Amino acid sequence: MNSSIMAAVAVHTVARSAGMAWRFLTELGPVLREAFDVEAELALVHRRLVSREESFLEVLRRGVFERPQSPYLALMQQAGITPGDVEGMVRSAGVDAALSALFDAGVRVGLDEFKGRRPIERPGLHLEVRATDFDNPLVRPHYEGSTGGSRGVGTRLVIDLDLVRYEAAHLMLSLLALQALDRTAGFWRPLPPGVTGIKEILYRARIGRPPEVWFSQNLYHPRSEDIRAALFADCALGGRRLWARPLPWPRHVPLDLAIVVAGWLAEQTAGGRPALLDTNVSSAVRVCRAATQAGLDVSGTLFRTGG
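None of the values given here were measured: they were computed from a predicted structure. In this convention, every chain numbers its residues from 1, walking through the sequence in written order. The predicted nature of this model means local features are confined to residues of pLDDT at least 70 and side-chain atom pairs, given and counted, to a pLDDT of 80 or more, with totals for whole chains, interfaces and linings taken over all residues. Only hydrogens and water are set aside when side-chain values are computed; all heavy atoms of the structure are taken into account.

**Some words on the overall build of the protein chain**
- In DSSP terms, a helix is any run of H or I states spanning at least four residues, a strand is any run of E spanning at least two, and both are numbered starting from the N terminus. Looking only at helices and strands, one finds twelve helices and nine strands in the protein chain.
- Exposure classes here rest on a 1.4 Å probe applied to the protein chains alone. A residue is buried below 20% of its type maximum, exposed above 50%, and partly exposed in between. When the 307 residues of the protein chain are sorted by exposure, 40% land in the buried category.
- Taking the contacts inside the protein chain whose residues are at least 6 apart along the sequence as the reference set, 72% of them involve residues at least 24 apart.
- Put simply, the protein chain shows about 16000 Å² of open surface, and 56% of that area lies on carbon and sulfur atoms. By definition, residues are in contact when any of their heavy atoms lie within 4.5 Å. Surface accessibility in these figures is a Shrake-Rupley result with a 1.4 Å probe; residues are shielded only by whichever protein chains are displayed.

**Side note on the packing of aromatic side chains**
- Only Phe, Tyr and Trp rings take part, Trp by its six-membered ring, and two of them pair if their centres are within 6.5 Å. Stacked means planes under 30 degrees apart, edge-to-face means over 60, and tilted covers everything else. Throughout the structure, instances matching the rule amount to three aromatic pairs.
- When the centroid spacing of 5.6 Å and the interplanar angle of 70° are considered together, the rings of Y72 and F134 count as edge-to-face. Highlighted residues: Y72 in helix α4 (residues 71-78) and F134 in the loop between β2 (125-127) and β3 (143-146), separated in sequence by 62 residues.
- The exposure class assigned to F134 is buried, which follows from its relative accessible area of 8%.
- With a centroid separation of 6.2 Å and an interplanar angle of 75°, the aromatic rings of F215 and W264 are classed as edge-to-face.

**Quick notes on the packing of helix α3 (residues 52-65) against helix α6 (residues 95-104)**
- The N-to-C vectors of α3 and α6 enclose an angle of 35°; their axes lie 10 Å apart at closest approach. Of the residues in α6, those touching α3 at R52, E53 and F56 are V95, D96 and L99.
- Under the scheme applied, nonpolar residues are Ala, Val, Leu, Ile, Met, Phe, Trp, Tyr, Cys and Pro; charged residues are Asp, Glu, Lys and Arg; polar residues are all the others, including Gly. The residue makeup of the contact of α3 with α6, split by class, is three nonpolar, no polar and three charged. Axis definition: a line fitted to C-alpha atoms, over the contacting stretch in the case of helices. Angles run 0 to 180 degrees between N-to-C directions.

**Side note on the sheet that holds strand β9 (residues 302-306)**
- Whether two strands pair comes down to DSSP finding at least two bridges between them. Overall, parallel pairing links the five strands, which are arranged β7-β6-β5-β8-β9 in an open sheet. One side of each edge strand has no neighbouring strand; the edge strands of this open sheet are β7 (251-252) and β9.
- Pairing of strand β5 (residues 185-188) with strand β6 (residues 213-216) involves three bridges; the strand directions are parallel. For W188, the partnering residue across the bridge sits in β6 and is F215.
- Sitting on the sheet, helix α9 (residues 196-206) is in contact with β5, β6, β8 (276-280) and β9, with an inclination near 165° to β5.
- On the sheet, helix α12 (residues 281-294) packs against β5, β8 and β9 and is oriented at approximately 125° with respect to β8.

**Focus on the pattern of salt bridges**
- Salt bridge, as used here, is a side-chain nitrogen of Lys or Arg placed within 4 Å of a carboxyl oxygen of Asp or Glu. This structure, assessed with the given rule, holds 13 salt bridges.
- Salt-bridge contacts for E87 lead to R91; the nearest nitrogen and oxygen are separated by 3.3 Å. One end of the pair is E87 and the other is R91, both in helix α5 (residues 83-93) and four residues apart, which spans about a single turn.
- You can call R91 partly exposed: its relative accessible area is 41%.
- One salt bridge connects R304 with E200, and the closest N-O pair in it is separated by 2.8 Å. Linking R304 in strand β9 with E200 in helix α9, this pair joins segments that are 104 residues apart in sequence.
- Taken together, the shared-partner salt bridges in this structure form one network comprising R189, E200, D278 and R304.

**Overview of the nonpolar core**
- Nonpolar cores were defined as sets of buried Ala, Val, Leu, Ile, Met, Phe, Trp, Tyr and Cys residues, with membership established by side-chain atoms within 4.5 Å. Counting 20 residues, the largest nonpolar core has L175, I207 and W214 as the members making the most contacts within it.
- Where this core is concerned, the elements lending two or more residues are α8 (161-177), β5 and α9.

**Regarding unusual backbone geometry**
- Backbone geometry places Q179, a non-glycine residue, at a positive phi of 55°.
- Positionally, Q179 belongs in the loop between α8 and β5.
- With a relative accessible area of 75%, Q179 lands in the exposed category.

**Some details on α12**
- The span you would expect from a helix comes to 1.5 Å times its residue count less one. Relative to the 20 Å expected for 14 residues at 1.5 Å per residue, α12 spans 20 Å between its end C-alpha atoms, a close match to the ideal helical length.
- Among the residues making up α12, those that are buried are S283, A284, V287, A290 and A291. All buried residues of α12 fall inside an arc of 125° around its axis, so they share one side. Residues of α12 that are exposed and point more than 90 degrees away from the buried face comprise T292 and Q293.
- If you follow the buried residues of α12, they end up packed against β5, α11 (258-270), β8 and β9. Read the arc as the range of directions from the helix axis to the C-beta atoms.

**Considerations on the side chain of E41**
- For E41, the location among the structural elements is in helix α2 (residues 38-50).
- Those residues in contact with E41 that lie beyond four places of it in its chain are F36, R165, A169, M172 and R206.

**Looking at the packing of α3 against α4**
- At a minimum axis separation of 8 Å, α3 and α4 run at an interaxial angle of 100°. One way to sum up the angle between α3 and α4 is to call them roughly perpendicular. When α3 is examined against α4, the residues L60, V64 and F65 are found in contact with a partner set consisting of Y72, L73 and M76.
- Partitioning the contact of α3 with α4 into residue classes produces six nonpolar, no polar and no charged. Angle categories: roughly parallel below 35 degrees, roughly antiparallel above 145, roughly perpendicular from 65 to 115, and oblique for all the rest.

See the structure below:
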């Protein structure tokens, strides 16, 4: 690639990233300032469940069957499955049964295929793919990042603020079911370029239950080669004071200092209000091990993990 092409690509990347950062900064405030009505959110989730079949078919129509470059379309064609076939499956047996039937017919991808590490290989089909080929074209991205990738290359994730609204409602329902909505919450989640920390923080801010503390496994160092992460983090962290529900400032706690997080949990337990810690699975194990080795009482702590 010659220098002029590389420069053009760099300019395009910066412009696209700046556009996403501007959308994020201007649209996040209203999302966080909106009154969060529990009954309204319950009604929203109910409506989505009632319309699940129609939504599923609409996503397939617009995101797969009308998108020639979709790897899923190639798999559908390889299996000889038409839009009418899928609609018939859904109407007769529901979404879950339709998904099982599609899986059995070969309309599925493995992890390495999904991450673009290897091509999709099926009898009579060889399809070179990239991770971006699996992006949902119906999503309006406000930020692109990745998971932490503690066991390998991270998975690309996209933040869409419309989806933040919806997933925040699900978080609220899960906390209600666990009788944990009013627990003091702490986070041990990474800063950008990873997005899991920011996403979970935004869900919490949206429902009016921001965490008391945010421990981060990594330090935030803006880098010119990762302009998206720099712009996004600056908007999220620098703009947090502009919103009615400010976010806690992250405190760097590397993996080998899990005792710091364990100590905070022990303080909550000692005060008679065991906390909720939101983190990834391996970090949760480190906290429990550190507490055990130091003889700290973190009993009653609720761990919400993912990874």
